[in-house]
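The chain contents come next:
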Amino acid sequence: MSSIMYTPFHLRNIQIPNRLVASAMFEYGADNGKITEKIKERYLALADGGAGLIITGMHAVSVSGSVAPVMVNTEYDNYVADMSGIADIIHERNGKIIVQLQHCGGKTSTAEGYDKFAVCEKQVAENCIYHEATKDELHKVAADFATSALRCKEAGVDGIQIHGAHGYLINSFLSPSTNYRTDEYGGSIENRARILFEVYDAIRQAVGNEFIIGVKFPFSDLNENSIKPEESLFVCKELEKRGIDFIEVSSGMVMDNSSASFTPVVHNDRQAPFLKYASQLACQIAVPVISVCGYRTPEVVEKALSETKISAVSFGRPLVREPNLPNRWKKDRSPAACVSCNRCCNSFGDRIISCQAAKVQK
Ligand SMILES: Cc1cc2nc3c(=O)[nH]c(=O)nc-3n(C[C@H](O)[C@H](O)[C@H](O)COP(=O)(O)O)c2cc1C
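Presented here is an overview of the structure given in this document. (Residues numbered from 1 in each chain as written. Predicted model: local features only at pLDDT ≥ 70, side-chain atom pairs only at ≥ 80, totals over all residues.)

## Overview of the overall build of the protein chain
Assigned secondary structure in the protein chain consists of 12 helices and 13 strands. Rg of the C-alpha trace for the protein chain: 19 Å, near the compact-globule value of 21 Å for 362 residues, within the 12% margin. On the principal axes, the C-alpha backbone points of the protein chain span a range of 55 × 40 × 40 Å. (Helix = DSSP H or I, 4+ residues; strand = E, 2+ residues; numbered from the N terminus. Rg over C-alpha atoms; globule rule 2.2 N^0.38 Å.)

Below you can see the structure in the form of structure tokens.
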């Protein structure tokens with residue numbers, strides 16, 4: 001059966017073989033920041049499973065900007081060779097690969113040796129351990145993004161994605177609910193988006209015009225003092241002017257790492273909660289828009305792709321449960337087996353992100 005899901009689309013000059021994207025999922029398994037065999041196996045499974053585009057879990061632009069030693073960082077000596085191995089695995093299977101780059105801001109590890117700056121001062125327990133980021137620290141963040149992106153380009157991946165969502169550094173600047181700064185990084189949306197623009201510009205200058213740069217963008221913070229729709233549109237249009245290649249629309253921020261989930265919880269009976277934002281954005285810009293979150297049936301995916309101007313949809317948790325979902329839906333269109341329980345957030349013991357619900361059912 002032919003389906004719009006399996007038609008190609010383009011990011012810049014690169015053809016993506018279908019419209020089913022693996023969204024970034026933290027790998028939980030780096031060995032002191034380094035890519036492991038288990039991580040390579042996960043990407044092999046995703047590539048074999050048929051996702052046209054695979055976005056890696058967030059990789060830290062500096063060791064000090066990461067959340068824990070189980071997070072891959074782009075700084076270690078063999079990163080380029082290791083990522084190159086993953087890129088080869090995916091390219092051999094006709095897929096495309098993009099690395100998600102991240103500085104965790106006020107979510108970095110509280111241990112010694114990690115950056116201790118955030119958008120504004122931040123208390124952890126009784127102590128104020130994160131200070132308001134200085135301009136020098138922010139300039140270093142932008143420079144680190146550029147260096148990391150260059151390393152990814154050297155590794156032969158197809159592009160990078162800036163993680164601008166889910167309450168980490170860039171999102172915390174964008175949102176008035178967390179940004180109380182009074183300098184040129186706070187206040188108006190032009191100021192709150194300054195760090196994102198600086199990061200984007202630094203990367204583009206480093207990698208040139210042919211390399212794909214995307215962003216995972218938080219269209220709404222889903223809280224009372226959220227970024228407003230017109231502000232999100234302004235930022236995305238500004239990124240379009242600067243030459244961004246795709247925007248993956250997410251939403252929601254969780255500032256507390258002790259929360260059971262650090263992503264908006266969605267349930268199978270309430271699919272695609274952020275499609276309304278993605279579809280609104282796709283009507284206003286020419287840049288390809290990817291819609292993430294809560295896609296669980298082929299019917300909902302096909303409706304989104306055919307009735308709106310989005311280019312693709314992306315999946316997080318469903319591909320942890322079933323990496324072969326994109327291929328499976330070619331012959332068996334039953335819903336994704338993922339029950340959105342978020343227990344994949346407890347994958348530390350497995351040293352790789354994995355479906356804890358599936359383990360219980362075995
Ligand atoms: C365990 C876990 C890890 C995640 N890691 C990342 C990440 O590294 N980067 C990111 O942008 N989003 C991350 N997300 C969010 C997903 O990419 C996705 O936006 C979210 O799960 C909603 O999509 P879904 O309903 O298809 O799972 C993570 C989500 C979960 C549950």
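## A look at the site of the ligand
Taken together, 26 residues surround the ligand, and among them Ala24, Phe26, Met58, Gly316 and Arg317 come closest. When contributions to the shell around the ligand are tallied by element, the ones reaching two or more residues are β4 (53–60) and α10 (317–321). Of the residues that constitute the shell around the ligand, the class distribution is 14 nonpolar, 10 polar and 2 charged. (Near = placed C-beta within 6 Å. Nonpolar A, V, L, I, M, F, W, Y, C, P; charged D, E, K, R; others polar.)

## Some points on the packing of helix α3 (residues 135–155) against helix α6 (residues 194–207)
Two elements in contact, α3 and α6, have axes whose closest approach is 8 Å; the angle formed by their N-to-C orientations is 35 degrees. The two elements α3 and α6 cross, and the hand of that crossing is right-handed. Residue-level contacts link Leu138, Val141, Ala142, Ala143, Phe145, Ala146, Ala149, Leu150 and Lys153 of α3 to Ile195, Glu198, Val199, Ala202, Ile203, Gln205, Ala206 and Val207 of α6. Looking at the contact of α3 with α6, its residues break down into 14 nonpolar, 1 polar and 2 charged. (Axes fitted to C-alpha atoms, helices over the stretch in contact; angles between N-to-C directions. Left-handed = near helix turned anticlockwise from the far one by under 90°. Contact = placed C-beta atoms within 7 Å.)

## Regarding the sheet that holds strand β10 (residues 212–218)
If you walk around this closed barrel you meet the 8 strands as β3-β4-β5-β9-β10-β11-β12-β13, and the pairing is parallel. Going across the sheet, the axis of each strand differs from the next one's by a mean of 25 degrees, ignoring polarity. With 3 bridges joining them, strand β11 (residues 246–250) and strand β12 (residues 289–292) adopt parallel strand pairing. Among the inter-strand pairings, Val249 is bridged to a residue of β12, identified as Ser291. Lying over the sheet, α3 contacts β5 (96–102) and β9 (159–163), oriented at roughly 160 degrees with respect to β5. (Pairing = 2+ DSSP bridges.)

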